[in-house]
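# Architecture and fold: a report
So you can see what is in the structure, the chains are spelled out below.
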Amino acid sequence: MGGTGSIIIPAHNEESVIGALLTALTAERTDAEIVVVANGCTDGTARAARTFPGVRVLETPVPSKMGALALGDREASRFPRFYVDADVVLGSADLRELGAALRLPGVHAAGPTRHLVMDGVSWTVRAYYTVWSRLPGVATELYGRGVIAVDEVGHGRLAAWRAAMSDDLVAAMSFAPDELRVVDTARVLIRPPRHYRDLLRRRVRAMTGNRQLTRDTGAPGLRASRTGIGTLATLARREPATLPAIAVFLGTAVVSRARARWAVARGNTEWLRDESSRTAPTTLLSATSIARPAPEH
């Protein structure tokens, strides 16, 4: 990566998972800046991060992802900037691929392809993601990847760091479709919730954040997600075996939207965090498990 990149990792009580990410990022020698911002932690996140040579660790008592991003951003000095969630895994080679995409004309933001680690995940969660992963917006937008890379122009779009529950959606919608790239040769490992109740918590949080954004006149406009009945009907016709999964997806959408309406009406901004994806053995997400696909010819 040379000396041209800064990696900013906001981390709130991520002691059990941050080691897997930092192992992957430091598996090969690099002089990239790596800044971990431990925010509002009550565990050993900062201590765990400091065991990795070359990683700068900042601490703040305020539990705020946006605040942590802003703090890390002030300490970073290089471009491109890579904003990486502490509970995902990708390596420096993947970041190089993202950086290369940012050198394309007119491209100011990039994200990796997702690899969902499904071992130990319940059937209902698998069913939900069977449908979710096939949705057009999920394939082409930058949200839900845990990683976003930006050049200097893109950084200018995000530098205000608006406080928002759907933070990755705000970042993704800050770029027009022709200004962003999903990079096939970069891959991020993501562990979804292990149990349905945890998935539902995550979806309620997402729907609550989305509803809040639609009421925020200063937020970027949201593009259509293309998750309507027509899209699901097309999927059912093309892949009839997905019908049970579509039923799970629809049921989850109905319940999470209803709970989100209730939360917004009550002014509830509680961060519904999924802990189940953080309790799996980190060896499953070790640096050695990252094998980027070869480019297709």
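Overview of the structure.

## Notes on the overall build of the protein
Each helix and strand counted, the protein has 11 helices and 8 strands in total. By residue count, 53% of the 297 residues in the protein fall in the buried class. In the protein, the share of contacts with a sequence separation of at least 24, taken over all contacts with a separation of at least 6, comes to 80%.

## Side note on the sheet that holds strand S5 (residues 88-89)
Across the sheet, 8 strands lie side by side as S3-S2-S1-S4-S7-S6-S8-S5; this open sheet has mixed pairing. Single-partner strands in this sheet number two, and they are strand S3 (55-60) and S5. Across the face of the sheet, helix H1 (residues 18-25) comes into contact with strand S1 (6-11), strand S2 (33-39), S3, strand S4 (81-84) and S5 while running at roughly 175° to S1.

## Some remarks on the pairing of strand S6 (residues 109-116)
Within S6, 7 of the 8 residues are buried, which leaves the element mostly enclosed by the surrounding structure. Where S6 meets strand S7 (residues 147-150), 2 bridges bridge the pair, whose relative direction is antiparallel. Considered in S7, the bridge of Ala 110 is made with Ala 149. As paired strands, S6 and strand S8 (residues 180-190) are joined by 8 bridges and run parallel to one another. Bridge pairing in S8 places Gly 111 opposite Val 182.

## Describing the side chain of His 108
Mapped onto the secondary structure, His 108 falls in the loop between helix H4 (92-101) and S6. Looking at His 108, its side chain comes within polar contact range of the side chain of Asp 151, at 2.9 Å. For His 108, the contacting residues outside a window of four places in its chain are Leu 102, Ala 149, Val 150, Asp 151, Val 153, Gly 154, Arg 157, Phe 175 and Glu 179.

## With respect to the pattern of salt bridges
For the structure shown, the criterion picks out 10 salt bridges. Arg 96 serves as the salt-bridge partner of Glu 28, at 2.7 Å between the closest nitrogen and oxygen. Placement of Glu 28 in the loop between H1 and S2 and of Arg 96 in helix H4 is noted, with a sequence separation of 68 residues between them. Residue Glu 239 pairs with Arg 134 through a salt bridge whose shortest N-O separation is 3.1 Å. A residue pair is termed long-range when its members are at least 10 positions apart, and Glu 239 in the loop between helix H10 (229-238) and helix H11 (243-266) and Arg 134 in the loop between helix H5 (123-132) and helix H6 (136-140) qualify at 105 residues. For Glu 239, a relative accessible area of 24% corresponds to the partly exposed category. Residue class for Arg 134 comes out partly exposed when judged on its relative accessible area of 38%.

## Examining the pairing of S7
Burial of the side chains of S7 extends over both faces: Val 147 and Ala 149 are buried on one face and Ile 148 and Val 150 on the other. Bridge count between S4 and S7: 4 bridges; the pairing is antiparallel. Across the sheet, residue Tyr 83 finds its bridge partner in S7, namely Ile 148.

## A word on the side chain of Arg 145
Within the secondary structure layout, Arg 145 lies in the loop between H6 and S7. The side chain of Arg 145 sits in the buried core without any salt bridge; Asp 184 is the nearest counter-charge, 7.8 Å away. One polar contact links the side chain of Arg 145 to the main-chain carbonyl oxygen of Glu 141, over a distance of 2.8 Å. If we ignore the near neighbours within four places in the chain, the residues touching Arg 145 are Val 88, Gly 111, Pro 112, Thr 113, Arg 114, Val 138, Ala 139, Thr 140, Val 182, Val 188 and Ile 190.

## Concerning H4
Side chains three or four residues apart in an α-helix point the same way, a direct result of the helix having 3.6 residues per turn. Burial runs high along H4: 7 of the 10 residues are buried. Ser 92, Ala 93, Asp 94, Leu 95, Leu 98, Gly 99 and Ala 101 are the residues of H4 that are buried. Contacts made by the buried residues of H4 are with S1, H1, S4, S6, S7 and S8.

## Description of the environment of Val 170
By secondary structure assignment, the location of Val 170 is in helix H8 (residues 167-172). C-alpha separation for the pair Val 170 and Tyr 143, spaced 27 residues apart in sequence, amounts to 8.6 Å.

What counts and how
Residues numbered from 1 in each chain as written. Predicted model: local features only at pLDDT ≥ 70, side-chain atom pairs only at ≥ 80, totals over all residues. Heavy atoms only, no water. Helix = DSSP H or I, 4+ residues; strand = E, 2+ residues; numbered from the N terminus. Buried < 20%, exposed > 50% of the residue type's maximum accessible area, 1.4 Å probe, protein only. Contact = heavy atoms within 4.5 Å. Pairing = 2+ DSSP bridges. Axes fitted to C-alpha atoms, helices over the stretch in contact; angles between N-to-C directions. Polar contact = N/O pair within 3.5 Å; in protein donor to acceptor, adjacent residues only side chain to side chain. Salt bridge = Lys/Arg side-chain N within 4 Å of Asp/Glu carboxyl O. Lys, Arg positive; Asp, Glu negative; His and termini not counted.

Nothing here speaks to function; it is all geometry.
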